[in-house]
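So the chains spell out like this:
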Amino acid sequence: MGRGPPVVTVRDARPAPMDDAAPDPGARPGRAAAVLRALPVPLALVTMTALAGVVLGRVYAGPLLPQLVAGAAAGAVLVSVAARRLPSWLVAPLSVLAMAGYTAWSLRIAATHAALPGSLAEVAGDAARNGIPRLLTAMIPVEPAPDTVLVPLVAAWLAGLTGTEVAVRAGRVLAGYLPPALLYAGTLYVVGPNAGPALWPTVAFVAAAALGLAASNRPARGGGDPVAGLAPRVRVAVRARLAAGATVGVAVVVALVALLGPAIVGRVDGRPVDPRRYVEPPQVETLDENPLIRISGWALHPEQQLLQVTTQRDGAAPTAPADPSAEPSGDPGDETSDGDPADGNAVRIRLAVLSDYDGVTWRVGATYRNAGRILPTTDPARDSTVETVRQDITVAELTGRLLPAVATPREVSGARVAYDPATGTLIRPEGLTPGLRYTVTSAREKPDANLLATANVPAGEAVARVLRVADGAPEPLTRLAAQLAEDNGAPYARAAAIEQFLAEHYRVVADAPSGHAYPNLAFFLFGPRNGGGQRGTSEQFAAAFAVLGRLTGLPTRVVVGFRSSGDGPVRAGDAYAWPEVLFDGLGWVPFDPMPRPDREPRPVEEDFRPKPEDPPPSEAPAPTLEPTASPEPAADATGPDTDGGLSTPVLVGGGTGGLLLLVGAVLLTLLAMRRSLTRARLGRGDPGERIAGAWREVTDALRLAGHPAGTDLAATEVARHARRAVTPPGADDSSGDPPAGGQPDGREAGRGGAPDAVQDLADLLNQVTFAPGTATVAQADRAVGAATAYVTALRATRSRWRRLLWSVHPGPLRWPR
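Residues numbered from 1 in each chain as written. Predicted model: local features only at pLDDT ≥ 70, side-chain atom pairs only at ≥ 80, totals over all residues. Heavy atoms only, no water.

Q: Mind laying out the nonpolar core, listing which residues take part and the relevant values?
A: Core analysis: the biggest nonpolar cluster contains 82 residues, and Trp298, Leu307, Trp362, Leu398, Tyr438, Phe562 and Phe583 have the highest contact counts within it. Among the elements that make up this core, the one with the highest residue count is helix H18 (residues 538-551) (eight residues). Residues Leu45, Leu51, Ala72 and Ala76 belong to the second largest nonpolar core, which totals 41 residues. (Core = buried A, V, L, I, M, F, W, Y, C linked by side-chain atoms within 4.5 Å. Buried < 20%, exposed > 50% of the residue type's maximum accessible area, 1.4 Å probe, protein only. Helix = DSSP H or I, 4+ residues; strand = E, 2+ residues; numbered from the N terminus.)

Here it is as structure tokens:
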């Protein structure tokens, strides 16, 4: 009985067959209106997501990235809108498949744009593994390459997919704006201080969001009051709840504005945080940080082929020859000085620029940033001409990560590189491999040699790095620099005098041992000829020039590279080092302190004046000491505090307790820092670095024990000094001296106890210094054990109080290494 009326009603309401077939004249306009009403929200999502690509594109080179991000935004939204009638669980897989196809197509375009070799699978795999770190370590402007566009594309697609599903399918437009807003904020953070304020993109982002919200907030088709059909009491309650909710919402917004507004306004003119500082750029091995030590090894195998080079040049304005009266042994401004002086087509291929010297090692000290095919340009020196040099280079047996190129590289294709603009040094983060072929285009500067004689050198903080003289320079080295600068006031005259002195007094030999620390340079410059002194490779010539130049106030650096005739093989015998001096308006000018093969060197003693005798003591009366002022009388503090404050015992106790807590915190901090330093020295790095760290533990222990070793002592002498530090007075220490036949057997001594173990450590240090890369893990472990045993034994010789303070002494944290 209850089912009858609905049946009758349905039967009566069913239209006639003719009416079913009749066209509905209002159906098409209604459908069109529905489509128009549904368009604003998807269009707003596409615009907001694409604007994130516009913001990020400000640190990219060219418009490719914003275009690809806009395509990803449109594709993600269109796929979700087209599949809105499908089940929600099916939309995400379909969208991800579409994203994979679009991403593969975009990566191929980016690889073609960056001229990267390899298949799509190789390029995509490399981009997936290294996309995030390379994006945050890439040099600005970032070149759109597969590894620098993959993360923005995927993020844009996912933001468009999520936003469309929430805003269109679920009808939560404001919540659907959250993914594009997060993406936009993320791009602003990634850009950081590397671009100007994104004012107009932000205004467009807000406008698109507002238009989408306005279009989605149209009243229902029936119009009117949505609570009009309710009972009066219910209608009043609903309206009261709506008013209360609106009031609370407005109050929350006003409170947030009041609380956060001043902080946000105060940050408007602040410098944004750069996320790049939290990501470690590409690093290099020890041999790449100091390739100067490879010169002697290459000199012993001169026929080893390292590279195959083909050179093309564009014409450049010729530079007039220098004044012959001011010309040293090799004219640095002459074109022929780039290689063999007899070959006008020769060029210097630069491997690395070494600007930092600590008295022991010259180092590159570069901060490498991943770079694209086009490298950042720098303005050439004012008074120099620029020649474009294009080289096709094929790697043969050259190892490491440093990538050879003529200075200054501007474009590299065929290899992924990282670049340090400060030194102009290139590396291939993956390392060099035989058969690697790349093309590099460089802008080679040639200074006007006529201006060298009157050119000045820069000074100040900008060049402090290349003017710094490390502590501990030998006294003869300082006297020689002063003598060479005495009669040469102009900077170029000083540089020419140093160049000429080295070229006239020293001999080039291929079998000279490697080394350019202060003791090595002192032996090279002043050692006896019959004992191996006054001869060396280009390593010693370039390092000695650079150090003498800095001692005379010249900004200098050392460059390691190769001589090349322009075309053909580059062999190990072509490797050499040369110094450069920075002149105002002329840039870095190379010098050639190498002796000429047809000249016999003169003895140094002929031109280097001996140390003058000590002058007689001054007969002037000793200055009288003025009496110091009498101290002010202390204020009378006998009476107790009667102001009603805390009593004196409470104040004294509180102050003492706070002081004890502060001292305890400082001691614990020092203890943790000391232990962290020891763990880093003994447990991190390759075997050579661990052996060097163990040696630093021993030398620091000697300083803590009050027996510091001199900086001019060799490792074996320091070991003998260390043995005496733990040997009781009157005991026989003759075992520390080397036997007549040569060095002591460090391995046997290392088994004899802590005093003998330090000799084993010294032998291992010499091995690491003169034969880099040959130390094994077992030798490193033995060095760590020897250092630990010696430090323990030396500490045991101290008094109990000194043993307690040993682990918290701040000295090792600040002593130079």
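Moving on from the coordinates now.
Q: With reference to specific residues and values, describe the sheet that holds strand S14 (residues 568-571).
A: The strands that make up a sheet pair up through hydrogen bonds in the backbone, lying either parallel or antiparallel. Taken in spatial order, the five strands of this open sheet run S7-S10-S6-S1-S14, and their pairing is antiparallel. Edge strands, defined here as strands with exactly one partner in the open sheet, are strand S7 (409-413) and S14. Strand-to-strand twist across the sheet, computed as the mean angle between neighbouring axes with direction ignored, equals 30 degrees. Note: strand S1 (residues 305-313) against S14, four bridges, orientation antiparallel. (Pairing = 2+ DSSP bridges. Axes fitted to C-alpha atoms, helices over the stretch in contact; angles between N-to-C directions.)

Q: So what about the side chain of histidine 721? Which residues, and what values?
A: Following the sequence through the fold, histidine 721 ends up in helix H21 (residues 715-726). Histidine 721 gets classed as buried once you look at its relative accessible area, which sits at 19%. If near-sequence neighbours (up to four positions away) are discounted, histidine 721 is found in contact with Leu702, His707, Pro708 and Ala709. (Contact = heavy atoms within 4.5 Å.)

Q: Can you explain H21? Please cite residues and give values.
A: Between its first and last C-alpha, H21 extends 17 Å over twelve residues, near the 16 Å set by a 1.5 Å rise per residue. Burial of H21 is extensive: ten of the twelve residues sit out of reach of the surface. If you check which residues of H21 are buried, you get Ala715, Thr716, Val718, Ala719, Arg720, His721, Ala722, Arg723, Ala725 and Val726. (Expected span 1.5 Å × (residues − 1).)

Q: Please set out the pattern of salt bridges residue by residue, giving values where relevant.
A: Tallied over the full model, the rule gives 23 salt bridges. In this structure, glutamate 504 engages arginine 602 in a salt bridge whose closest nitrogen and oxygen atoms are separated by 3.3 Å. In this pair, glutamate 504 is assigned in helix H16 (residues 491-505) and arginine 602 in the loop between strand S16 (587-590) and helix H19 (648-683), connecting sequence segments 98 residues apart. A cluster of three or more residues bridged by salt bridges with shared partners is formed by Asp126, Arg129, Arg134, Asp147, Arg416 and Glu430. (Salt bridge = Lys/Arg side-chain N within 4 Å of Asp/Glu carboxyl O.)

Q: Quick rundown of the environment of aspartate 511? Include the residues and the values.
A: One can find aspartate 511 in the loop between strand S11 (507-508) and helix H17 (518-526). Since its relative accessible area comes to 55%, aspartate 511 is described here as exposed. With 214 residues separating them in the primary sequence, aspartate 511 and glycine 297 have C-alpha atoms 8.7 Å apart.

Q: Give a description of the sheet that holds strand S9 (residues 425-427) that names residues and reports values.
A: Strand order in the open sheet formed by three strands is S5-S8-S9, and the pairing between neighbours is antiparallel. For this open sheet the edge positions go to strand S5 (369-371) and S9, each flanked by a neighbour on one side alone. In this sheet, adjacent strand axes meet at a mean angle of 40 degrees when their direction is disregarded. Looking at chain direction, S5 and strand S8 (residues 417-420) are connected through three bridges and run antiparallel. Its bridge partner lying in S8, asparagine 370 is registered against alanine 418.

Q: Tell me what's going on with helix H5 (residues 64-82), and back it up with residues and numbers.
A: Between its first and last C-alpha atoms H5 spans 27 Å; for 19 residues at 1.5 Å apiece the expected length is 27 Å, and the two agree. Listing the buried residues of H5 in full gives Leu64, Leu65, Leu68, Val69, Ala72, Ala73, Gly75, Ala76, Val77 and Ser80. Residues of H5 that are buried sit in contact with helix H4 (40-56), helix H6 (88-114) and helix H8 (146-169).

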